[in-house]
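Residue-level listing of the chains:
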Amino acid sequence: MSFNFFVRSNITFGRGAAEKLPEILAGYGLKKVMIVYDGGVKAAGIAEKIVAQVEKAGISYIIFDGVIPNPTNEVVEGAAVLAKEAGVEGFVAVGGGSSIDLAKAVNVLMTNPGRIGEYGGMNMVKNPCLPLVAIPTTAGTSSEITNVSALIDTEKVIKYVVIDNNIVASDVIADPEFTKTMPVSVTAATGMDAITHAVESYISNMATPLTEYNALAGLKILYNNLPKVVENGSDMEAREQMMLGCIITGFSFSNANLGFVHAIAHTLSAHFGLAHGMANACVLPYVMAYNAEACPEKMVELAKAIDLPVSGNPEKDKYLLADALKALCKKLGIRTLKEQNVPEEAFDRLADDVLKEPVLGFNPRQGVTKEDVIEILKKAYSE
Ligand SMILES: [Zn+2]
């Protein structure tokens, strides 16, 4: 057995964890940072709490609050110009995956030449980046832990990923209180994204014993707590568990990567602007049923991790997980592709682009065809 498992971030976890920010920033000896967040974080009153902590540290700062869902190359490059002009020495990113992914991408351009689009793919970032403190306000993307930044190339109409250990946040401040203001639909969608990460990284053909260990542990926590936080957003114990589950799962997929579900979700977001979690969730059960042919034993292990009633007949048990995920999506109000206004006429074009997604290379079932993709999209459209 031989493998590499990369972990980098110093994690400060718990309610009130943001109060540690001045101490963390002081540890880096920074003189100026860029604080990155979006309108939702501002409206929830979280941004001002973070700004107050940066002020407490006695560090000067500039604010970039132009984060958009599914950040584009243009937004990244615009923010990088501002950061360079201001001479920032580090970043504090507050928000969901979009804020943290954007900060990671801007950080690449602080110490590496050229355009952000040149860094798509794996291990393309040659120079180490500046310190980045990631403060998640959702429990889903695990962007605070991972080596991934997902961006939109508006010219090529693709969602692509920069995957590189150089972009991992140096510090994570995980305060479950910050996830309390998430609307119900965002809680459901981001939580389903996290569940997708757990199952896709577990069955990935890059999985190792350490990623599998984390994926199973993460799935168990997420599956048991997501319905609780969707039902009652103020259940702080469940919120805390969701945040913990995301970090544990992040260790897995940052090292083992993802698969077919994300290939479809990236394409849906690039073409129709679908929110990432919702795009994943609506195809997840069907892709898992499809993948069950290639890795039946692993599907049974996933089913056992969430205490599904395994019969001992692998031919039957391999679909237990897919069925349970379908039931969970219904329970959480995950919308079909039809309800998300994806036209059926686009399936042909979408399928062509899904097949070009590099993340498909990590999927356990290889040889995915255009017909396979269209069949899954049809199920996600109407079922
Ligand atoms: Zn995802």
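Parameters at a glance
- Residues numbered from 1 in each chain as written.
- Predicted model: local features only at pLDDT ≥ 70, side-chain atom pairs only at ≥ 80, totals over all residues.
- Domains from an automatic or database assignment.
- Contact = placed C-beta atoms within 7 Å.
- Helix = DSSP H or I, 4+ residues; strand = E, 2+ residues; numbered from the N terminus.
- Nonpolar A, V, L, I, M, F, W, Y, C, P; charged D, E, K, R; others polar.
- Pairing = 2+ DSSP bridges.
- Axes fitted to C-alpha atoms, helices over the stretch in contact; angles between N-to-C directions.

**A closer look at the domain arrangement of the protein chain**
- Each assigned domain of the protein chain is listed with its residue range as follows: domain 1 (10-179) and domain 2 (184-382).
- Taking only C-alpha atoms, the centre of domain 1 and the centre of domain 2 are 25 Å apart.
- Contact residues are listed per partner, giving 22 residues for domain 1 and 28 residues for domain 2.
- Elements with a minimum of two residues in the side of domain 1 that touches domain 2: strand S7 (148-153) and strand S8 (158-163).
- Each residue belonging to the side of domain 1 that touches domain 2 can be placed in one class, and the counts come to ten nonpolar, eleven polar and one charged.

**Points about unusual backbone geometry**
- Positive phi is not limited to glycine here, since Asn 123 has a value of about 55°.
- Inspection of the secondary structure assignment puts Asn 123 in the loop between strand S5 (121-122) and strand S6 (132-136).
- A positive phi angle is found at Asn 341, which is not glycine, with a value near 60°.

**Section: the sheet that holds strand S4 (residues 90-95)**
- Strands sit in the order S1-S9-S6-S4-S2-S3 across an open sheet of six strands; the sheet is parallel. Each edge of the open sheet is held by one strand with a lone partner, namely strand S1 (10-13) and strand S3 (60-64). For this sheet, the mean angle separating the axes of adjacent strands, direction not counted, is 15°.
- Sheet analysis places strand S2 (residues 32-36) next to S4, joined by four bridges and oriented parallel. Bridge pairing links Ile 35 to Val 92 in S4.
- Sitting on the sheet, helix H5 (residues 97-111) is in contact with S2, S4 and S6, with an inclination near 160° to S4.

**Re the environment of Ile 203**
- Within the secondary structure layout, Ile 203 lies in helix H6 (residues 184-203).
- Separated by 174 residues in the primary sequence, Ile 203 and Gly 29 have C-alpha atoms spaced 42 Å apart.
- If sequence neighbours within four positions are ignored, Ile 203 has contacts with Gly 259, Asn 291, Cys 295, Lys 298 and Pro 364.

**Concerning the sheet that holds S5**
- What the three strands build is an open sheet, ordered S5-S8-S7; its pairing is mixed. A single partner strand is all that each edge strand has here, and the edge strands are S5 and S7.
- Across six bridges, the pairing between S7 and S8 is antiparallel. Across the sheet, the residue bridging to Ile 152 is Lys 159, located in S8.

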